[in-house]
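Here's the letter readout for the chains.
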Amino acid sequence: SDLSTTEPGQLVLVLVLCGALMGMVNSIRELIAERAIHLRERAVGVQPVIYLSSKVCVLTGISLLQAILLVSVVRLSKAKPNGAALFGEAGTFELIIMVFLMTLATGMMGLMFSALVTSQEQTMPVLAVSVLVQLLMCGGLIDITGRQPLDFISHLIPSRWAFGMGANTIDLKKLNPRFPDDWMWTHSGGLWVVAALALIAFAALMYWA
C-alpha cells in the first residue's frame, strides 16, 4: 500500500530522500576524481587517514549547512511540528539533526563507493541505485513493517533510521493512524536517540571501511 499519500509522511519522506541525494552527490566523485593526486601524496608520505579525515571534515560541514537550509526552506511554507521527541518544542531542530545525520551517513557511503569504483563514469549508476534503495527501504513509501526479510534488511539502510527519527519527531502514528504500528515511529525520546546513534554508527562504519 502507498503510505506517502498524507502530507506529514510526504514531508518526512522528502527530507529523507533529499538527505540521501545530497549526501551521495557531495561525495561520490571525491576520491575517484583525485586518485592520481592522492597516490602522489602517499608517495611523499601523506597518511591515507589524514587525507580521508580532511574529506570527512569538509563533508560534515557541508552536510550540516545543507540540513539547516533544507529544513528552513520547508518550514517557510509549513507549520513547525507539534512538540518533539526529545527536545520539547524544538521539533525543527530535531528534523535538522535527522537530515544532517542522513546526509552525513550517505555521504560517508558515497566516499566508500568513490574509493571502490575505477572511473568517474561508474559513479552515476551507483548514485542512482543507492538513492533508489534508500527510497524503497525507508518505510515511508511502501509498507515494509513486519514483512520479512525486507523489514530486517531495511535496518541495515540509513534511510530506515532517518525516516524513523522524523516520524518519531512529528508523532506520525498519531497524525495518521493508517500508518503501520512500527516501533521506530513511536513518539519517544529514547527511540529517537537510538535511531540517531544508528546513523552515527553507520557513518563511522563507512569511514573505517
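Up top you'll find the structure we're talking about.
Keep in mind the model is a prediction, meaning the values are calculated, not measured.

1. A closer look at unusual backbone geometry
Here comes step 1: A cis geometry characterises the amide bond from Q148 onward to P149, with omega recorded as 0 degrees.
Here comes step 2: The backbone of D171 sits at a positive phi, close to 55 degrees, despite the residue not being glycine.
Here comes step 3: Mapping D171 onto the fold places it in the loop between α8 (158-170) and α9 (172-175).
Here comes step 4: Exposure remark for D171: the relative accessible area of 18% places this residue in the buried category.

2. Observations concerning the environment of G166
Here comes step 1: Structurally, the position occupied by G166 is in helix α8.
Here comes step 2: Overall, the relative accessible area of 0% leaves G166 in the buried class.
Here comes step 3: The sequence separation of G166 and G91 amounts to 75 residues, and the corresponding C-alpha distance is 9.3 Å.
Here comes step 4: Those residues in contact with G166 that lie beyond four places of it in its chain are V12, L95 and M98.

3. Details of the environment of G140
Here comes step 1: Structurally, the position occupied by G140 is in the loop between α6 (123-137) and α7 (150-154).
Here comes step 2: Among the residues examined, G140 registers a relative accessible area of 0% and is labelled buried.
Here comes step 3: Residues G140 and G9 lie 131 residues apart in sequence; the distance between their C-alpha atoms is 6.7 Å.

4. Quick word on the nonpolar core
Here comes step 1: M98, V99, M108, F163 and M165 are the most contacted members of the largest nonpolar core, which has 50 residues in total.
Here comes step 2: Of all elements in the fold, only α1 (7-27), α4 (48-77), α5 (91-116), α6, α8 and α10 (189-208) reach the threshold of two or more residues within this core.
Here comes step 3: It is α5 that provides the largest number of residues to this core, a total of 13 residues.
Here comes step 4: Excluding its chain neighbours within four sequence positions, the residues that come into contact with F163 are G9, V12, L13, V16, C138, G139, G140, L172, F179 and W185.

Rules used in this analysis
- Residues numbered from 1 in each chain as written.
- Predicted model: local features only at pLDDT ≥ 70, side-chain atom pairs only at ≥ 80, totals over all residues.
- Heavy atoms only, no water.
- Helix = DSSP H or I, 4+ residues; strand = E, 2+ residues; numbered from the N terminus.
- Buried < 20%, exposed > 50% of the residue type's maximum accessible area, 1.4 Å probe, protein only.
- Contact = heavy atoms within 4.5 Å.
- Core = buried A, V, L, I, M, F, W, Y, C linked by side-chain atoms within 4.5 Å.

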